[in-house]
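Results of the structural survey
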Amino acid sequence: MLTFGIVVFFILLISGVPIFMAFALGGLIILTLHTGMPLYNIGIFFFDSIDNWIMIAVPLFILAGQLMAESGMGKILVDVFAGFFGRVPGGIAVTAIAASAFCGALVGSNLAVLGSVGVVLFPAMVEAKYDRGYSAGVLCSASQLGFLIPPSIIFIIYGFLTQTSVAELYMAGILPGIFLAAVLAIPAVIIAKRKGFPPMPRASWKEQRIRLVKALPAIMMPVIVLGGIYGGIFTPTEAAAVACIYTLLVGVFVYRRLTWKNIWSSSIESARLTGIILILLCSVMLMNRALSLIGLPQAMGDWVTKGGITAPVFLVSLCVVLLIMGMIVDAVGLVAIFPVIMPAIQALHINTIQLGVLFVVASMIGTMTPPAAGALYFTSALFKLPTAETIRGLLPFLAVTILVMFIFVFWPDISTWLPGTMFR
Amino acid sequence: MRKLAAVSTILGTVCRSAAGAVMLAMMVLVFAETISRYVFGISHEFVPAISSWLMVWVTYLMLGVILKTREHINVDILPTRIPPRYRTPLLISFDIISLIFAGLLCFGGIKYDLIVKQLDIHVVTVQFFPVWIVRISVPLGAFFLAFFSIEHLVNEVRYLVKGTGEES
């Protein structure tokens, strides 16, 4: 019965049926044939799985990200970071990395970061005679930092499925996010120096001060959101609602870019993304319930313990599996693996916070590695480049990101130190 | 065919607009509760339940619409690489699977909703609102999914048989 359910799942998955249907139908077959559960229980699963207060942070952070992208905060932040980093070799590329990292803290979504920062900087890079593939590669890889730097939507979903504190996960993402941003700047500068890409024109102190003042409302957003969460003022869900209203007010009254029309379109776009993510989550939970009832996670835990597998070996293998899976499924589909391997993780005493960071980095890489590479295709489409050219430009940054993921395996403190200190 | 397309457009617009409005309502509700709790020290027990119900409604209102535009996440290696003449039969098989899934979800949703209605179940924190009305979102979403699957199916069968219309 188990084999039949799993076979159906894989056939549906590979044939191209929406992943949520593959999970749901596979899980339902296992549950019905193995445990005798009535079919109509799907009605209960598909409501109860997402009827959850914590999960409301997902649609609200998506909405905040959409509103931010529409309010023009991306351009304002780019100007500020250009003043700080524009003078180094390949200054626009380094500015792109820094601005993307910061925008990640506002938006929590990689595509929104790409849309707001990339749209501003790609034409500037082309105008400054930067290689187009290189420019697209820098922007694509840097925009993925939005996954890692809080408030990250993927962290909420991971936390929900693995019963890990979202606030701790958010804290855990900060140092790895900054580290990855710094490491991404290394190939950006080296390539720029070798190819002679020029720095940006110098901005005077006065000019920079004006830019900073203008950007202050945008800079305050992560302070309010993260400060509110860690100051114990509000939960991540409430923080998401505050982020929405704050962006709305700043966008309407300060930057004057938000109109009723783009508030409405942001809301509908957020509803669309919410629908895609949450229905997938329902079906992932159904499949996990099925696998739990037949004892697969426990069997896996036993197998790992008896097989004498060590935590680093397990983590390296898991990273490789995630990298391969990331080539064919989206980050939300990738998270499905965790409830199944949780007993093995507990048996090996692996920190779920460190694991969350590794998972998010693997998801970042997954969105850039074909054939299923949403961010890569989005970048190519956004900048009207052939995918092959974007891939060529992306390769050095992809290699660096993969290297950093393995560094995080053997350097858990970078992920666990900050939450350990804050939540002690 | 034209009637089906017109109904589909109207239904799509209604679902999208309703989901957008529910989304904004959810944002306002959660924000108002945050302010109320933090500024006035008053907490309303019903807010977490109602806002998560709104989120469920957003999900099911969009379920069919996302299928209509084929934007649900999938592994698209096979559909994009097979020769065009096999593509339409493959899409037809997807639509049949979608219909089966929608049928199961609709059946499960209605069956469970009827039980909830018969037992007159209420959530402790939201006594004033019957849960069956909230839970109707699941069969309703399944109905939308079925409708848009049928629309795709009709389009693709026409394309396959007559070579007219559009492969959706």
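Residues numbered from 1 in each chain as written. Chains lettered and ligands numbered in written order. Predicted model: local features only at pLDDT ≥ 70, side-chain atom pairs only at ≥ 80, totals over all residues. Heavy atoms only, no water.

Some remarks on the overall build of chain A
Quick note on the threshold: Numbering of helices and strands starts at the N terminus; helices are DSSP runs of H or I of at least 4 residues and strands are runs of E of at least 2. Put simply, the radius of gyration uses C-alpha atoms, and a globule should come to 2.2 Å times the residue count raised to 0.38. Exposed residues in this analysis have more than 50% of their type's maximum accessible area, buried residues have under 20%, and partly exposed residues fall in between, with area computed by a 1.4 Å probe over protein chains only.
The helix and strand inventory of chain A stands at 22 helices and zero strands. Scaling as 2.2 N^0.38, a compact globule of 424 residues should have a C-alpha radius of gyration of about 22 Å, and chain A matches this with 22 Å. C-alpha atoms of chain A, sized along the principal axes, occupy 70 × 45 × 45 Å. When each of the 424 residues of chain A is scored for burial, the buried share is 61%.

Focus: the overall build of chain B
Filter applied, for reference: When checking whether two residues touch, look at their non-hydrogen atoms; a contact exists if any pair is within 4.5 Å. Accessible surface is estimated by sampling points in the Shrake-Rupley manner with a 1.4 Å probe; for residues, cover comes only from the protein chains shown. Charge assignment: positive for Lys and Arg, negative for Asp and Glu; neither His nor the chain ends contribute. Charged side chains are reduced to one point each, which is NZ for Lys, CZ for Arg, CG for Asp and CD for Glu.
Assigned secondary structure in chain B consists of six helices and zero strands. Listed N to C, the secondary structure of chain B is α-α-α-α-α-α in terms of helices and strands. Computed over the C-alpha atoms, the radius of gyration of chain B is 20 Å, more than 25% above the 15 Å expected from 2.2 N^0.38 for a compact globule of 168 residues. For chain B, the spread of C-alpha atoms along the principal axes amounts to about 65 × 35 × 30 Å. Here chain B holds 168 residues, and the buried ones make up 45% of them. For chain B, the share of sequence-separated contacts (at least 6 apart) that also reach a separation of at least 24 residues comes to 75%. Counting only carbon and sulfur atoms, one obtains 69% of the accessible surface of chain B, whose full area is about 8200 Å². Averaging the locations of the 14 positively and 11 negatively charged side chains of chain B gives two centres separated by 8 Å.

Remarks on the interface of chain B and chain A
Interface size is commonly expressed as the accessible surface area that is lost when the partners come together. Applied cut-off: Buried area is calculated as the accessible area (1.4 Å probe) missing from two parts once they are joined, with the contributions of both summed. One side-chain nitrogen of Lys or Arg within 4 Å of one carboxyl oxygen of Asp or Glu is enough to make a salt bridge. The classification used treats Ala, Val, Leu, Ile, Met, Phe, Trp, Tyr, Cys and Pro as nonpolar, Asp, Glu, Lys and Arg as charged, and all other residues, Gly among them, as polar.
Contacts between the two partners involve 54 residues from chain B, matched on the other side by 58 residues from chain A. Summing both partners gives a buried area of about 5000 Å² for chain B against chain A, and 81% of it is carried by carbon and sulfur. At the surface where chain B touches chain A, the tally comes to three salt bridges. Between Glu238 of chain A and Arg37 of chain B there is a salt bridge, with its nearest N and O atoms 2.6 Å apart. Listed by contribution, the elements that provide at least two residues to the side of chain B that touches chain A are α1 (2-40), α2 (46-68), α3 (77-81), α4 (84-118), α5 (131-135) and α6 (137-162) of chain B. Here the residues of the side of chain B that touches chain A are counted per class, giving 36 nonpolar, 12 polar and six charged.

As for the state of the cysteines
Residue and element names in this part refer to chain B. What counts, and what does not: What counts as a disulfide here is a pair of cysteine sulfur atoms lying within 2.5 Å.
Going through the model one piece at a time under the given rule, you end up with zero disulfides over all chains. Of all cysteine sulfurs, the one in Cys106 lies closest to Cys15, which takes part in no disulfide; the gap is 14 Å. By relative accessible area, which is 1% here, Cys15 ends up buried.

Comments concerning the packing of aromatic side chains
Residue and element names in this part refer to chain A. Formally: Pairing of aromatic rings covers Phe, Tyr and the six-membered ring of Trp, with a centre-to-centre limit of 6.5 Å; geometry is then stacked below 30 degrees between planes, edge-to-face above 60, and tilted otherwise.
Overall, the coordinates contain 22 aromatic pairs over all chains when judged by the stated rule. Look at Phe81 and Phe85: their rings are 6.3 Å apart centre to centre, the planes differ by 10°, and that puts the pair in the stacked class. Here Phe85 and Phe81 lie together in helix α5 (residues 73-85), a separation of four residues that amounts to about one turn. Taking 4.8 Å as the distance between ring centres and 15° as the angle between the ring planes, the aromatic pair formed by Tyr130 and Phe197 counts as stacked. Of this pair, Tyr130 sits in the loop between α7 (110-127) and α8 (132-143) while Phe197 sits in the loop between α11 (166-195) and α12 (205-230), and the two are 67 residues apart along the sequence. Considered together, Tyr130 and Phe197 belong to a single accessibility category, that of buried residues. Every member of this aromatic cluster is reached through a ring pair, and the members are Tyr130, Tyr134, Phe197 and Phe397.

What about the packing of helix α16 (residues 311-328) of chain A against helix α21 (residues 387-410) of chain A?
All names here are of chain A. Let me state the cut-off plainly: For helices, the fitted line uses only the C-alpha atoms of the stretch in contact; every axis is such a line through C-alpha atoms, and the angle between N-to-C directions lies from 0 to 180 degrees. Reported orientations rely on four angle classes, namely roughly parallel under 35 degrees, roughly antiparallel over 145, roughly perpendicular from 65 to 115, and oblique for the rest. Crossing handedness is read from the near helix: turned anticlockwise from the far helix by less than a right angle, it gives a left-handed crossing, and turned clockwise, a right-handed one.
Where α16 contacts α21, the two axes come as close as 10 Å, and the packing angle between them is 155°. In terms of their interaxial angle, α16 and α21 are classed as roughly antiparallel. Here the hand of the crossing between α16 and α21 comes out right-handed. In this structure, α16 uses Pro312, Leu315, Val316, Cys319, Val320 and Leu323 to contact α21, whose residues at the interface are Ile402, Met405, Phe406, Val409 and Phe410. Residue classes in the contact of α16 with α21 are distributed as 11 nonpolar, no polar and no charged.

Side note on helix α1 (residues 2-15) of chain A
Inclusion rule: Given the number of residues in a helix, its expected span is that number minus one, multiplied by 1.5 Å.
For α1 of chain A, built from 14 residues, the straight-helix expectation of 20 Å at 1.5 Å per residue is met to within 8% by its first-to-last C-alpha distance of 20 Å. Regarding α1 of chain A, the residues found buried are Gly5, Val8, Phe9, Leu12, Leu13 and Ser15 of chain A. Buried residues in α1 of chain A make contact with α2 (19-35) and α14 (260-293) of chain A together with α3 and α4 of chain B. Looking one or two places after α1 of chain A, you find Gly16 of chain A, whose phi comes out positive at around 105°.

Structural notes on helix α22 (residues 413-422) of chain A
Looking at α22 of chain A, one finds that the buried residues are Ile414, Ser415, Thr416, Leu418 and Pro419 of chain A. Buried residues along α22 of chain A sit in contact with α11, α19 (352-366) and α21 of chain A.

Considering the environment of Phe81 of chain A
All names here are of chain A. On the accessibility criterion, Phe81 (14% relative accessible area) is buried. Distance in space between the C-alpha atoms of Phe81 and Phe102 is 9.4 Å, their sequence separation being 21 residues. Setting aside residues no more than four positions away along its own chain, Phe81 makes contact with Gly86, Thr95, Ala98, Ala99 and Phe102.

None of the figures reported here should be taken as evidence of function without further support.
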